[in-house]
Amino acid sequence: MKKLLYGTTALVAAGVISGGAAVAAEMKKPTPIEISVGGTFNAEIYYSTQSDNTAAGGVGVLRNHGLKREAEIRFRGQTTLDNGLIVGVRVNFEAETCADQVDESWIFFDSHEYGRVEIGNTDLATTKMIYGAPNILPNHWTGIHNIVELQKAPGQPGLGIDTLGRLNVADDSEHLTYFTPRIAGFQLGVSYVPDNCQENEATTTGVACGGSFAGLQAHNTAGQQSQIWDVGLNYVNKFGDFGVGIYGGYWHGQLENPAALAATSADKNEEIYGFGASVDYAGFTVGGHFRHDNGGCSNCRTIEYYGGVKYVTGPWGFGFEGGEKKVAQGFNNNGVVKTTAISGDDRLRELNVGATYALGPGITTYGGLIFKKDADGTAGVPGTSGVVFLLCTQLLF
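Everything quoted here is computed from the prediction, not taken from an experiment.

### A closer look at the overall build of the protein chain
In step 1: Check the secondary structure of the protein chain and you find two helices and 18 strands.
In step 2: Split into buried and exposed, the 397 residues of the protein chain put 40% on the buried side.
In step 3: Accessible surface computed for the protein chain: about 20,300 Å², of which carbon and sulfur atoms make up 62%.

Below, the structure written as structure tokens:
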């Protein structure tokens, strides 16, 4: 009888175990991609004063106050396959009517062992890997500006008072990116851009890819930088209570059909490089970044360098960041200078001072002052200076 009971118990146990394994296997099966919705909304109140808010001819005075907003609705979805590979999709829509209504859209394949691949239009590797001056005011970081604070009035000459750039000038172009796994704190990212254009959306070169059914692009579009390689490397690690992030990046484009360009236009392949670092300890973050762009011509390079400090305690954050951008205004072709009356570089100096307060999960209010001064390098052209006070609320959802 005991043997019979033992046998029966064993059979029942085996059935339970096998049934549990079957249920577990069923639960681990990949599920179809399901889309979740999130996004961000930034609402800002401005007051500004600047030295040349009158257009040429005495008309077109710029208003000294206004409202700004920058918002996106983001669709996200992903699933994990049997082999552990994560496959996903992202689509970001602008939450206001604009030319670039679909801001970014891409798919990705992510593996802990082999790295990550992204295909579509999103930021290139260097933009996603950057470390530098801490961001004091959301949307107004010295590395990337999402919202324009000050601008020259219509008809005013010179650099313009809101022309800060980023490491590369092909973000959101159709491209392929690969990120290695992070090994001993190091990670490498590489992007390849066949043409500096977006689907049905013109880039800074004025070139649009023409839509999904337009076929391949022309390889001799005058002035377009194409076959772009974008390479970034960063190092991220913790040493006790110290956090460290170090970054370097390089961007190289190939100029199409230079023979068809005017003498004062581009005459070479564009090259950009930059580097930066940040250190955080006990709520403090200190960092800086540098960028050099040859501009795609023989005498129109851009140099930018910025640094800053930020301190966060509880819901509060305080800090400042600032620096300078210099743009050479000469253009030449094969060593022949084509512009005159240039006494030096255009210079744009900026200082941001601000504070943030976290009202709740995903809800932050922030405010501060932005000081800018534009010194024009052209003989006889006056510079511009301005100050902006802003009070803002950011919602993340």
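Still more ground to cover, so stick around.
### What about the side chain of Thr 122?
In step 1: Tracing the backbone shows Thr 122 in the loop between β5 (115–121) and α2 (125–129).
In step 2: Classification of Thr 122 as buried rests on a relative accessible area of 2%.
In step 3: Apart from residues no more than four positions distant in its own chain, Thr 122 is found in contact with Glu 104, Trp 106, Lys 128, Asp 171, Asp 172 and His 175.

### Quick notes on the packing of aromatic side chains
In step 1: In this structure the tally under the stated criterion is nine aromatic pairs.
In step 2: Measuring from ring centre to ring centre gives 5.1 Å for Phe 275 and Phe 290, while their planes differ by 25 degrees; the resulting arrangement is stacked. Here Phe 290 lies in strand β11 (residues 284–293) and Phe 275 lies in strand β10 (residues 271–281), a separation of 15 residues in the sequence.
In step 3: Relative to Phe 318, the ring of Trp 316 lies with its centre 5.7 Å away and its plane at 5 degrees, an arrangement referred to as stacked.
In step 4: On the accessibility criterion, Phe 318 (38% relative accessible area) is partly exposed.
In step 5: Chaining the aromatic ring pairs together yields one cluster made of Tyr 273, Phe 275 and Phe 290.
In step 6: Above the ring of Tyr 46, the side-chain terminus of Lys 68 is found at 5.9 Å from the ring centroid.
In step 7: One Lys or Arg, Lys 128, reaches over the ring of Trp 106 and ends 4.9 Å from the middle of that ring.

### A short note on the pairing of strand β6 (residues 175–179)
In step 1: Covered by surrounding structure in β6 are His 175, Thr 177 and Phe 179 only, the residues Leu 176 and Tyr 178 on the alternate face being uncovered.
In step 2: Looking at chain direction, β5 and β6 are connected through five bridges and run antiparallel. Counted as the bridge partner of Ile 119 is Leu 176 from β6.
In step 3: The turn linking β6 back onto strand β7 (residues 186–195) is made up of six residues, and Ala 184 within it adopts a positive phi angle of 50 degrees.

### Things to note about the side chain of Asn 42
In step 1: Within the secondary structure layout, Asn 42 lies in strand β1 (residues 34–50).
In step 2: Residue Asn 42 is classed as buried on the basis of its relative accessible area of 1%.
In step 3: Reaching out from Asn 42, the side chain makes a polar contact with the side chain of Gln 394 at a distance of 3.0 Å.
In step 4: Beyond its immediate sequence surroundings of up to four residues, Asn 42 is in contact with Lys 68, Arg 69, Glu 70, Asn 139, Tyr 366, Thr 393 and Gln 394.

### As for the pattern of salt bridges
In step 1: This model, assessed by the stated rule, comprises 10 salt bridges.
In step 2: One salt bridge in this structure joins Glu 96 and Arg 69, with 3.4 Å as the shortest N-O distance. Of the two residues, Glu 96 sits in the loop between β3 (86–94) and β4 (102–111) while Arg 69 sits in strand β2 (residues 65–80), which places them 27 residues apart along the sequence.
In step 3: Residue Arg 69 is classed as partly exposed on the basis of its relative accessible area of 48%.
In step 4: Lys 128 is the salt-bridge partner of Glu 118, the closest N and O atoms lying 2.9 Å from each other.

### Focus on the nonpolar core
In step 1: Judged by nonpolar contacts, Tyr 46, Ile 136, Leu 137, Tyr 366, Ile 370, Val 388, Leu 390 and Cys 392 together constitute the single largest core of eight residues.
In step 2: Going through the elements one at a time, β17 (363–375) and β18 (384–396) are the ones with two or more residues in this core.
In step 3: Here this core takes three residues from β18, the largest share from any one element.
In step 4: When residues no more than four places from it in sequence are discounted, the contact partners of Tyr 366 are Asn 42, Glu 44, Leu 137, Pro 138, Asn 139, Ala 355, Thr 356, Leu 390, Leu 391, Cys 392, Thr 393 and Gln 394.
In step 5: In this structure, Leu 124, Ile 228, Trp 251 and Ile 272 belong to the second largest nonpolar core, which totals five residues.

Conventions we followed
Residues numbered from 1 in each chain as written. Predicted model: local features only at pLDDT ≥ 70, side-chain atom pairs only at ≥ 80, totals over all residues. Heavy atoms only, no water. Helix = DSSP H or I, 4+ residues; strand = E, 2+ residues; numbered from the N terminus. Buried < 20%, exposed > 50% of the residue type's maximum accessible area, 1.4 Å probe, protein only. Areas by Shrake-Rupley, 256 points an atom, 1.4 Å probe, with all protein chains shown as cover. Contact = heavy atoms within 4.5 Å. Phe/Tyr/Trp six-rings, centres within 6.5 Å; stacked < 30°, edge-to-face > 60°. Lys NZ or Arg CZ within 6 Å of the ring centre and 35° of its normal. Pairing = 2+ DSSP bridges. Polar contact = N/O pair within 3.5 Å; in protein donor to acceptor, adjacent residues only side chain to side chain. Salt bridge = Lys/Arg side-chain N within 4 Å of Asp/Glu carboxyl O. Core = buried A, V, L, I, M, F, W, Y, C linked by side-chain atoms within 4.5 Å.

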